[in-house]
Amino acid sequence: MIEAPVKEPRDLGGPEGVRVEVVSRTFKSRRGEVRALERMSLDAARGEIVTVVGPSGCGKTTLLELICGLQDPDAGTVRAAPAVLMPQRDLLLPWLSALDNACLALRARGISREQARSEAAPWFERFGLGGFERARPPELSGGMRQRVSFLRSLLSGKPVLALDEPFAGLDAITRAEMQGWLAHALGLESRTVVLVTHDVEEAVVLGDRVVVMSPRPGRAVAEIEVRLPRPRHRTDRAVAALREQALEALGVSE
Amino acid sequence: MRRVLALAWRPLLLLVALLGVWELYVDLGGADPLILPAPHSVASSLYDDRALLWSNFVTTAQEVLLGILLAVAVGFVLAVAIHFSRTLRDALYPLIVASQAVPIVVLAPVLAFWLGFGILPKLVVVALVSFFSIVVTTLAGFASVDPDLIKLMRTFDSTRVRTFRFVELPAALPGLFTGARIAVAVAVIGAVFAEWTGSSSGLGYLLIQSIPQLLSARAFAAVVILSLFAIALFVLLTLAERLLLPWAHRPRGERSI
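Remember, it's a predicted structure, so these values are computed and weren't measured experimentally.

1. Digging into the overall build of chain B
Along chain B, the regular secondary structure elements total ten helices and zero strands. Along chain B, helices (α) and strands (β) appear in the sequence α-α-α-α-α-α-α-α-α-α when read from the amino end. Counting every position in chain B, which comprises 257 residues, the buried fraction comes to 36%.

Shown next, in the form of structure tokens:
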């Protein structure tokens, strides 16, 4: 069992932002050492959406866990406002209703069930989940489950959201819907977001800035500013151009 | 009802066929009825000795039910201790496994001398043979929790106790039921063994009294009741689990929309 470490107040990377500076992280396994990250740097200002794109196994999940304080770097510094994870799979608890699942972060802080419910309930309408408060997770569609999972992380009240390939498990149509929805939700409730994905288009559609990572050991090889109006679409010419730029940085030119 | 029939007719048909073969075998002189009574004499003993069988059944049922409850309590506490502490896991697990190798036939008389001839030594024997499966399946329930979920709870600043209460404990409850279901059959055998080494009532006592008196039909009747009791307990536990933990049981075909 993993014991939760005592949380020391961490330096904020600017007010409510994230600053990862030349961080390295190596794991020791039976077959030797695996260098997950090497001299990785990344900044996210308050309210900024930074998307991180890279080949699989490039240390993206390690990066998020460093930001959330679940791991410590071997070298370099991570300064971040309190951050909450949103895992790749929704990981909703099957014995709880959608509403009680959304309440989990509040309940984890010791808030009573009634108070947590009254705090979470208004969000259901806003997030297009109205009427599904009492539904059990298996009764929800994949997109709805992901929205409940997002709401659960959002209600933790932490200024930084670390999203780990949140739409990877969804079909293409739902994924496109959810990308639009996420942009809308973050418009309602601004947070500093670090979102990792292996989908280059998703990174361009969602991010204010795209950080491109190298294969393992991961480090930032390019940074692309996305100064495009929202809502953006995959088919936009400007999106396609930036996508080409990101692919080139990944070494996958077409 | 139709579903029950649809489910039950095959085992019932097989049972009737086996009983028929058995009846014919005894009737045609294949075995001495004093050693192997025919099904019809077992059936008439079930009816003729019903008062005797019932009063002894009540004793054994008490031993089994209370013993399983004790096993659930002890098994759960041990599983939680092992789950929470690496040290306790290393210290307890080998001993728990070793406890299952102790032959009950050796232990039961010792317990009778130690704890007397009342219900207590029976409860200890029933609990001893039952708790192991409960510990193992409950631990498997704890281990089934996705590590990412534990990480998520940590980023929610959850305490260890709250993570246990909201995530790990509910996840382990189906395991607790599975362990209890596995325990049912051995618990009945445990109760019979315990009664053999010092008691004045119970179906195990009735068995050991009937065999030397050549009342083999009565002995078989006691076995029939023990088997039916085990089946009933198994079914009741399954129904209780579906009622209390409906989320753990999801019939095929009822998929997400």
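2. Brief notes about the overall build of chain A
The secondary structure content of chain A amounts to eight helices and nine strands. With respect to the three principal axes, the spread of C-alpha positions in chain A is 50 × 45 × 40 Å. Put simply, chain A has 254 residues, and 45% of those count as buried. Expressed as a percentage of contacts within chain A between residues at least 6 apart in sequence, the contacts between residues at least 24 apart total 71%.

3. Some thoughts on the packing of helix α2 (residues 39-48) of chain B against helix α10 (residues 216-244) of chain B
Residue and element names in this part refer to chain B. It is at 8 Å that the axes of α2 and α10 come closest, and there the two elements cross at 75 degrees. Comparing the axis directions of α2 and α10 gives the class roughly perpendicular. Of the residues in α10, those in contact with Ser-41, Val-42, Ser-45 and Leu-46 of α2 are Ala-217, Arg-218, Phe-220, Ala-221 and Val-224. Among the residues forming the contact of α2 with α10, the class breakdown is six nonpolar, two polar and one charged.

4. Quick look at the sheet that holds strand β1 (residues 18-29) of chain A
Residue and element names in this part refer to chain A. Taken in spatial order, the three strands line up as β2-β1-β4 in an open sheet, and their pairing is antiparallel. The outermost strands of the open sheet, each flanked by one partner alone, are β2 (32-44) and β4 (75-80). Taken over all neighbouring pairs, the strand axes of this sheet differ in orientation by 30 degrees on average, direction set aside. Note that β1 and β2 share nine bridges and pair antiparallel. Within β2, the residue paired with Val-20 across the bridge is Leu-42. Relative to the sheet, helix α1 (residues 60-67) contacts β1, β2 and β4, its axis offset from that of β1 by approximately 120 degrees.

5. Examining the interface of chain B and chain A
On the chain A side, the residues contacting the 23 residues of chain B number 25 residues. Sorting the residues of the side of chain B that touches chain A by element identifies α3 (50-84), α7 (147-155) and α8 (160-196) of chain B as the ones contributing at least two each. Here the side of chain B that touches chain A gets eight residues from one element, more than from any other, and that element is α7 of chain B. Within the side of chain B that touches chain A, the residues separate by chemical class into eleven nonpolar, four polar and eight charged.

6. Notes on the sheet that holds strand β5 (residues 83-86) of chain A
Residues and elements named next belong to chain A. Read from one edge of the open sheet, six strands run β5-β6-β7-β3-β8-β9, paired in mixed fashion. Whereas interior strands pair on both sides, the edge strands pair on one side only; in this sheet they are β5 and β9 (220-225). Shown here is a sheet whose adjacent strand axes are inclined to one another by a mean of 20 degrees, direction ignored. Against the sheet, helix α8 (residues 237-250) engages β3 (49-53), β8 (209-213) and β9, with an angle of about 170 degrees to β9.

7. Side note on the environment of Thr-60 of chain B
Residues and elements named next belong to chain B. Turning to its location among the elements, Thr-60 is positioned in helix α3. The class of Thr-60 is buried, set by 27 C-beta atoms lying within 10 Å. Distance in space between the C-alpha atoms of Thr-60 and Val-192 is 7.7 Å, their sequence separation being 132 residues. Ignoring any residue separated from it by four or fewer positions in sequence, one finds Thr-60 in contact with Ala-191, Gly-202, Leu-203 and Gly-204.

Each value, and the rule that gives it
Residues numbered from 1 in each chain as written. Chains lettered and ligands numbered in written order. Predicted model: local features only at pLDDT ≥ 70, side-chain atom pairs only at ≥ 80, totals over all residues. Helix = DSSP H or I, 4+ residues; strand = E, 2+ residues; numbered from the N terminus. Buried ≥ 20, exposed ≤ 12 C-beta atoms within 10 Å, placed from the backbone. Contact = placed C-beta atoms within 7 Å. Axes fitted to C-alpha atoms, helices over the stretch in contact; angles between N-to-C directions. Parallel < 35°, antiparallel > 145°, perpendicular 65-115°, else oblique. Nonpolar A, V, L, I, M, F, W, Y, C, P; charged D, E, K, R; others polar. Pairing = 2+ DSSP bridges.

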